[in-house]
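# Structural features, examined
Okay, here's what each chain looks like letter by letter:
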Amino acid sequence: MSFAVKCRDVIKSFESEAGLQRVLHGVDLDVPWGEMTMLVGPSGCGKTTLLSIVAGILSFDSGDVEVDGQDIAKMSDALRVAFRRRTLGFIFQQYNLLPALTAAENAAIPLVAGGMELSAAAKAAMPLLDQLGMGEHAAKLPRQLSGGQQQRVAIARALVHEPKLVVCDEPTAALDATGGRTVMEMLRAASVRADRATLVVTHDHRIFDFADRIVRMEDGRIAGIETKALETVP
Amino acid sequence: MGKVALRMLFGDPGKYLGLVFGIAFATLLMAQQAGLFVGILGRTVSQIVDVQEADLWVMDPRVKYSDVTEPMTDTQLYRVRSVEGVAWALPFYRAMSTARSPDGILEQTLLLGVDDATLTGAPRKVLLGNIDDLRQPDAVAIDRAGFGRLWPNVPLDLGREVEINDRRVKVVAITEAGAPFTTAPVVVMRYSQALIVAQPRRSQLSYVIARAAPGHNAEDVAARIARDTGLQGLTRDGFVNKTMTYFLRNTGIPINFGITIALGFIVGAAIVGQTFFLFVVENLRQFGALKAIGVGNLAILRMVLLQAGVAAVTGYSIGIGLAAAFFEFVPRISIELRGLALPAEVAVGVAAAVLLIIAAASFASVRRVLVVDPAIVFRG
């Protein structure tokens, strides 16, 4: 099995009033291609920190992190920014859509960041918005959309530039149960394919059944891994 | 990402208008006060500037500025004429005097006496009549504003009589003279006539106006006059600077206007700085998301600078437009405000001040954006 993400012995500490606090204690993590992997665990266990490190937006103290075969610790800042732009798609808990842009323009942001003109990029994002059932809302501003609709726009934004890895932080936290399942169905349908990996941080147990693999974290360590067949890896 | 930056800017009309209003207000306040300051300062030298024919002014060494003269003997005129490099030299009289209209209206007037033969130094712009008629006995030219003060609500006409220092004179020409600092009516007579009308003193010659001969530098000739005659010889620009400097150092004008201009700058900077800073800070999360998605710091910097630049240009344009409208229309309402204008130097200076304000606001805001940790987008 080949992996989109390989983390080995990743250690991360933060400065706090109490001194240096270690939040990741030598984490090993593999995220396979073609699967949706969920990183679960209680608040403060380090899953968002690990996700940020994998996404290349947070540095780490020691260890190795490879994404799509590239060692992100060895990249310069500029290379890492370009790598994120090309290789990663992001879905945030609070959607983080730009309030002044329409749904289509928001979905097109990664293409614009890559140099495409805004209106052309918005047109290019339309098929994906249609696929996510948002075609008729493409011209609406985020404030005119429900939470579930905004998250679908965010999914389109995460996928519009065909990324290799999609990272999602609590994608259903701001949604009700029905809305959350709808969003996960669409995320799974749109994002999971053989040449892409999807890494989801969540503690919403209602969506665990969408995962191909569940990685449990506790106190900055991997506590266990379950595959789709509920096979537990020690 | 430029379009995205502009959409972010215009997408919050309240904040955008607040930002533009702040810049426009600061621009208007600074431009209007600076324009008034320059205009009022210019009035202190308008009677020097009006005499375009002369490039040299000669006076008693004790004279500090143009309004207060120390009379010289008439023989000084001949001494100046004898200095090498002087093409011509003519007498020029200047004094305040009291005018009384037949209706009993009293006005303090600025009485100017110009050379009898050539009338050099008389205002060039004549609205009514002929300046050559000054050669008639007891003839005066009066400026348009002065006519309105002595004969309110009366259309401009010639032949009216007025008493100056109890001597009756007749208006033969209406001129457009530069407004004096006190906005007093400007009355022009022949030099010999002015000496008769004026209060008698032992010496009467206020100034000698002169011109450097071709091939001679005015500054050199002025220095030579001072050396050879013991008088004070100045070029026109030198006399303008000396007079302005006197007013700047000895009156409250620069302090009062300076305070208002500084207030405009400070208030503008505070409004613009705070509004723009808050605008950026409230969008920090969006900028953080853009950074996470892969928009580099340089692109973010360009976005913030574009937003600041557009707001600055819009606000400045509105503010400078309002200031220009003020200087265009207000002098039409009140003749006392004639000649006040918005000099290009003031417009450029205010643009520089606005640029400084917006640059400071951008710098403070951009710093927050550039150091923002993109990981904030993963913290609910």
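Values in this document were obtained by computation on a predicted structure and should not be read as measured data.

## Some thoughts on the overall build of chain A
When helices and strands are counted, chain A shows 7 helices and 11 strands. For chain A, whose C-alpha radius of gyration is 18 Å, the value lies close to the compact-globule estimate of 17 Å for 234 residues. The proportion of buried residues among the 234 residues of chain A is 57%. Contacts in chain A between residues far apart in sequence, at least 24 positions, make up 69% of those at least 6 positions apart. Total accessible area on chain A is roughly 9800 Å²; 50% of this is exposed by carbon and sulfur atoms. Taking the 25 positively charged and 29 negatively charged side chains of chain A as two groups, their mean positions are separated by 4 Å.

## Focus: a negative patch on the surface
Residue and element names in this part refer to chain A. Together, Asp-9, Asp-28, Asp-64 and Glu-66 make up a negatively charged patch on the protein surface. Along the chain, the position of Asp-28 falls in strand E2 (residues 19-32). Overall, Asp-28 belongs to the partly exposed group, its relative accessible area being 43%.

## Some details on the interface of chain B and chain A
At the interface, 22 residues of chain B touch 31 residues of chain A. On the chain B side of the interface with chain A, the three residues burying the most area are Arg-7, Ile-293 and Phe-378 of chain B, jointly 35% of the side's total. Applying the counting criterion to the chain B and chain A interface returns 2 salt bridges. Taking the shortest distance from any N to any O, the salt bridge between Arg-7 of chain B and Glu-105 of chain A comes out at 2.7 Å. Along the contact surface separating chain B from chain A lie 8 residue pairs in polar contact (both at pLDDT 80 or more).

## Overview of unusual backbone geometry
For residues other than glycine, phi is negative in most cases, and the peptide bonds are mostly trans. Despite not being glycine, Asp-9 of chain A shows a phi value in the positive range, around 50 degrees. Mapped onto the elements, Asp-9 of chain A comes out in strand E1 (residues 3-16). You will see that Asp-166 of chain B, though not glycine, has its phi angle at about 65 degrees, which is positive. Tracing the backbone through its elements, the reader meets Asp-166 of chain B in the loop between strand E6 (161-164) and strand E7 (167-175).

## Re the domain arrangement of chain B
When the parts come together, some accessible area is lost, and that loss is often what is quoted as the size of the interface. Residue and element names in this part refer to chain B. Parsing chain B into structural domains produces domain 1 (2-43 + 252-378) and domain 2 (73-230). Summarising the inter-unit geometry, the C-alpha centres of domain 1 and domain 2 are found 47 Å apart. Between domain 1 and domain 2, the contact holds 6 residues from the first and 10 residues from the second. Here domain 1 packs against domain 2, burying approximately 740 Å² in sum over the two surfaces, 56% of which is carbon and sulfur. Our count for the domain 1 to domain 2 interface comes out at 0 salt bridges.

## What to know about the sheet that holds strand E5 (residues 70-71) of chain A
Residue and element names in this part refer to chain A. In spatial order, the strands read E2-E1-E4-E5; together these 4 strands make up an open sheet with antiparallel pairing. The sheet terminates laterally at E2 and E5, the two strands that pair on one side only. Bridge analysis of strand E4 (residues 62-67) against E5 gives 2 bridges, and the strand direction is antiparallel. The residue of E5 that forms the bridge with Glu-66 is Asp-71. Running over the sheet, helix H1 (residues 47-54) touches E1, E2 and E4 and is turned about 120 degrees from E1.

Reading the values: rules and limits
Residues numbered from 1 in each chain as written. Chains lettered and ligands numbered in written order. Predicted model: local features only at pLDDT ≥ 70, side-chain atom pairs only at ≥ 80, totals over all residues. Heavy atoms only, no water. Helix = DSSP H or I, 4+ residues; strand = E, 2+ residues; numbered from the N terminus. Rg over C-alpha atoms; globule rule 2.2 N^0.38 Å. Buried < 20%, exposed > 50% of the residue type's maximum accessible area, 1.4 Å probe, protein only. Contact = heavy atoms within 4.5 Å. Areas by Shrake-Rupley, 256 points an atom, 1.4 Å probe, with all protein chains shown as cover. Lys, Arg positive; Asp, Glu negative; His and termini not counted. Charge placed at Lys NZ, Arg CZ, Asp CG, Glu CD. Patch = residues over 30% accessible without salt bridge, like charges linked within 9 Å, V, L, I, M, F, W, Y side chains within 5 Å. Salt bridge = Lys/Arg side-chain N within 4 Å of Asp/Glu carboxyl O. Buried area = accessible area lost by both parts, 1.4 Å probe. Polar contact = N/O pair within 3.5 Å; in protein donor to acceptor, adjacent residues only side chain to side chain. Domains from an automatic or database assignment. Pairing = 2+ DSSP bridges. Axes fitted to C-alpha atoms, helices over the stretch in contact; angles between N-to-C directions.

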